[in-house]
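Here's the letter readout for the chains.
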Amino acid sequence: MRLNTGRLLLSPYTPEDYPALRALHTDPSVTAYISWPPDTPEQTRALLDRRCAQGEPPVQGGTAMTLAVRLPSGLLIGEAQLRRRTPEPATGTIGYVIAPECAGLGYATEVAGALLRFGFESLHLERITGECDPANSASRRVLEKLGMRRVDHVRGHEQDVVYAIEAGRYETSNPTRRWSAGPTST
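What you see is a predicted model, and the numbers here were worked out from it, not measured in a lab.

What counts as what
Residues numbered from 1 in each chain as written. Predicted model: local features only at pLDDT ≥ 70, side-chain atom pairs only at ≥ 80, totals over all residues. Heavy atoms only, no water. Phe/Tyr/Trp six-rings, centres within 6.5 Å; stacked < 30°, edge-to-face > 60°. Lys NZ or Arg CZ within 6 Å of the ring centre and 35° of its normal. Buried < 20%, exposed > 50% of the residue type's maximum accessible area, 1.4 Å probe, protein only. Helix = DSSP H or I, 4+ residues; strand = E, 2+ residues; numbered from the N terminus. Pairing = 2+ DSSP bridges. Right-handed = clockwise from strand over helix to strand, strands pointing away. Axes fitted to C-alpha atoms, helices over the stretch in contact; angles between N-to-C directions. Parallel < 35°, antiparallel > 145°, perpendicular 65-115°, else oblique. Left-handed = near helix turned anticlockwise from the far one by under 90°. Contact = heavy atoms within 4.5 Å. Nonpolar A, V, L, I, M, F, W, Y, C, P; charged D, E, K, R; others polar.

Evaluation of the coordinates by the stated rule reveals 1 aromatic pair. The aromatic ring of tyrosine 18 is capped on one face by arginine 45, whose charged end is 4.1 Å from the ring centroid.

Take a look at the structure:
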């Protein structure tokens, strides 16, 4: 599976992604807003091995698709995930991480937009949510730009806020079309 946003490619991981993935998973400005502590080198290697083998663990009641976010040069600058939670009604959750040196360039919005488009148009999901740390104002702005509305909060590692968009609202506003060139298969 590959998703192209025009400026970015969301694609499967390769073993060569280890240094960039390791840097991403240990950067304090990234790990400050996510629910896992910085990886050890062994954890990063095991995670990359699973992702290269398409061995993402099943999500309770669904599946997960995690892709590397790449510049046209092939350099990994982030991660994108779409988790399908339940079959009825079809609900998904998006997640994304962009390397700090690439922040502020609109990449997170492109990535999240591509995930929404794929979830609604290819997987025919009825609702997609996104969760973020309330202190992560940049991530909250991304979700809001895409037409998602704050609907709840959850307790976990921290108390996260939940944003959501329904298929009908997506169809009406379709905020992601300008960021998504659409899915292509490999």
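Taken across its 8 residues, strand 5 (residues 91-98) has 7 buried, putting it largely inside the fold. Two elements, strand 5 and strand 6 (residues 127-132), share 4 bridges in a ladder whose sense is parallel. Looking across to strand 6, one finds that isoleucine 94 is bridged to glycine 130. In this fold, strand 5 hands off to helix 4 (residues 107-122), which returns the chain to strand 6; that crossover is right-handed.

Now for the packing of helix 1 (residues 18-26) against helix 3 (residues 41-52). Between two packed helices, the angle of one axis relative to the other and the distance separating the axes together describe the packing. One way to put it is that helix 1 packs onto helix 3 with a least axis distance of 10 Å and a crossing angle of 125 degrees. With respect to helix 3, the element helix 1 is oriented oblique. Once helix 1 is placed against helix 3, the crossing between them reads as right-handed. The segment helix 1 lies against helix 3, with Tyr18, Leu21, Arg22 and His25 engaging Pro41, Thr44, Arg45, Leu47, Leu48 and Arg51. Partitioning the contact of helix 1 with helix 3 into residue classes produces 5 nonpolar, 2 polar and 3 charged.

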